[in-house]
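Each chain, written out:
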Amino acid sequence: MRVGLRAIASLMAGVALAGCGGGGGGGAGDAPPSGIDIPIPVPAPVATPSPTPTPAPAPPAPPPPAPGALDLLPRIEPYERVAEAIAPAQLKSAEGPRPTPVRVFAEAAPEGVTPGAATSRKPVQIGNRRRVAATADAAGLGALLAWQPSPAGGQVAALAFVSEGAAALRIGLLIRQLPDEALLRVYAPGAATEAATTGREIKARAAAHPSASLAAAAHWLPAVAGPEAVLEIELPPSISPQAVQLAVPYVSHLWVAPQSLGTLSTKIGEAGTCNVDATCSPAHADPARSVARMVFVRDGNSFLCSGTLMADAPASGRPFFLTAHHCIADAGAAASLSTYWFYGSSACLSSLLSSRATPVHGGAALRFTSAETDTTLLELNTLPPPGTLYSGSVLGAVPLGTPVTGLHHPQGDLLKLSTGTVFDYMACTVDAAGGSVGCRTADAQGGTDLAVGWTSGVTEPGSSGSSLFAGIGTRQYVVGQLRGGGSSCSNPTAADVYGRFDRGYAAGISALLGSPATPRASPK
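Here's what I pulled together on the structure shown here. (Residues numbered from 1 in each chain as written. Predicted model: local features only at pLDDT ≥ 70, side-chain atom pairs only at ≥ 80, totals over all residues. Heavy atoms only, no water.)

This brings us to the overall build of the protein. The secondary structure content of the protein amounts to five helices and 35 strands. When the accessible surface of the protein is split by element, carbon and sulfur atoms take 57% of a total near 18900 Å². (Helix = DSSP H or I, 4+ residues; strand = E, 2+ residues; numbered from the N terminus. Areas by Shrake-Rupley, 256 points an atom, 1.4 Å probe, with all protein chains shown as cover.)

Among the structural elements, T405 can be located in strand β29 (residues 403-408). What makes T405 buried here is its relative accessible area of 6%. When residues no more than four places from it in sequence are discounted, the contact partners of T405 are H284, L417, S418, T419, S467, L468, F469 and Q476. (Buried < 20%, exposed > 50% of the residue type's maximum accessible area, 1.4 Å probe, protein only. Contact = heavy atoms within 4.5 Å.)

Quick look at the packing of aromatic side chains now. How two aromatic rings sit relative to each other is set out by the distance from centre to centre and by the angle between their planes. Within the structure shown, the criterion is met by five aromatic pairs. Ring centres of Y79 and Y390 lie 4.6 Å apart, and the angle between their planes is 10 degrees; this geometry places the pair in the stacked category. Of this pair, Y79 sits in strand β4 (residues 79-80) while Y390 is found in strand β27 (residues 389-390), placing the two residues 311 residues apart along the sequence. Y79 sits in the buried class, given a relative accessible area of 12%. (Phe/Tyr/Trp six-rings, centres within 6.5 Å; stacked < 30°, edge-to-face > 60°.)

Considered as a void within the structure, the second largest pocket measures approximately 330 Å³ in volume. T279, A288, F342, G344 and S345 are the residues nearest the centre of the second largest pocket, which is lined by 19 residues in total. Of the residues in the lining of the second largest pocket, the class split is eight nonpolar, nine polar and two charged. (1 Å grid on protein atoms, 1.4 Å probe; cavity = no way out; pocket = protein on both sides within 12 Å on 5 of 7 lines; lining within 4 Å. Points joined across faces, edges and corners; volume = space filled by probe spheres on them. Nonpolar A, V, L, I, M, F, W, Y, C, P; charged D, E, K, R; others polar.)

Quick look at the pairing of strand β7 (residues 124-131) now. Most of β7 is tucked away: seven of the eight residues are buried. With three bridges connecting them, β7 and strand β21 (residues 301-310) associate as antiparallel partners. Within the sheet, the bridge partner assigned to V124 lies in β21 and is L304. Pairing geometry for β7 and strand β16 (residues 245-254), over five bridges, is antiparallel. Paired with R129 across the bridge in β16 is S252. (Pairing = 2+ DSSP bridges.)

Structure (structure tokens):
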């Protein structure tokens, strides 16, 4: 999104906020605003480039915080659980012969938001909704299922959903009735791997977010490369096909292709060239292990954001996950979430994806969300892979002048690093329509957000929801999540604004993460 930012005292004349990070790598949309508190929408692509904008002057740096000031704030410590395994399995090799699927075609005309649409408060869109009339209700889908004997002695049927021109597809299931023992597989025709889940697992995930009815909310299966995705349903011998009542009213037609099931690799290299490769900074290797790229579906349209694995005070291992309210604000979008861990370069300045990159599907439960500080806390339904770090957090007002770091996935690209300083507190409000955001300078008590100026790197669309980290000793702690900003490669000195995590903690997250111990000396 683009939103207005009122004048920050004498520090700045005005700043444009972009709800998915800064203004991007350059070109149209990067010009700083000339007015105050004026909503500026994300522009659609144009055939001719805009004139090069004049960078806004950098705000004067506030004095550094008093030694030890950050140390005195309450905090939750980070931790790592090394003996974890992903459950349930995300991908497996196909076994035995596959049934011949009945092909079903999605409508060619997209529904919902289309790429390049000038709407505010949206993450990076990578796909849109396509209606499938033939399977829009359970009766229509059931009539197309051609059941045949399975190798295990039960019955199996398959449908192949086709959306011409798609780089990848996600199937959205509406479940009227599904036996616990039913096995659902999704794969591309001829693929050697498949994603699989059971009726019992789907119901367990639905129970994690009871505000979304199982019959009314779509269960989005993992993305499949190419314009055709096969849904296979297998039943054991004791279950009748009449016990299956499913509908697929929509598929999400992605124009970003996965290199293989679960790895969206074509976004690599799309971020602006001024972004800094996080792999080149070993000092930030630990917090980098807590950051994931997000892919989720909202109203049938697919999007990208960034988020962070969060520690709770008792170090329970519950996989809490922090992002922005304007990324995910409802249970349906949370349930569709796929996360991509260790999504960084294979070596410093390399354009190759790390071999450690791991997709995790299964969605999440919505635990807390607030527009005031643009905060959402999820709980993942599936554990992240071994080696991830549960990030700690600072639970008080970060002093002005505190050095900070942002770790994020601009444009869905490999992990990037931004370094800078907190220079002001901001009080931000969202208009009734949930679009533009107005911010004004405030004190620590009244501020909902932190204003940050960068000395290295920027943010862009896709960075939304990523965490801002502050250091205590050798450890990095979350202090906020990205609401928006004006920084870009053509205007790197423009400010970005992060919702204060301590405000979200006080508003309800404390009941989930617990109370920290008394602050102690800086960790070594």
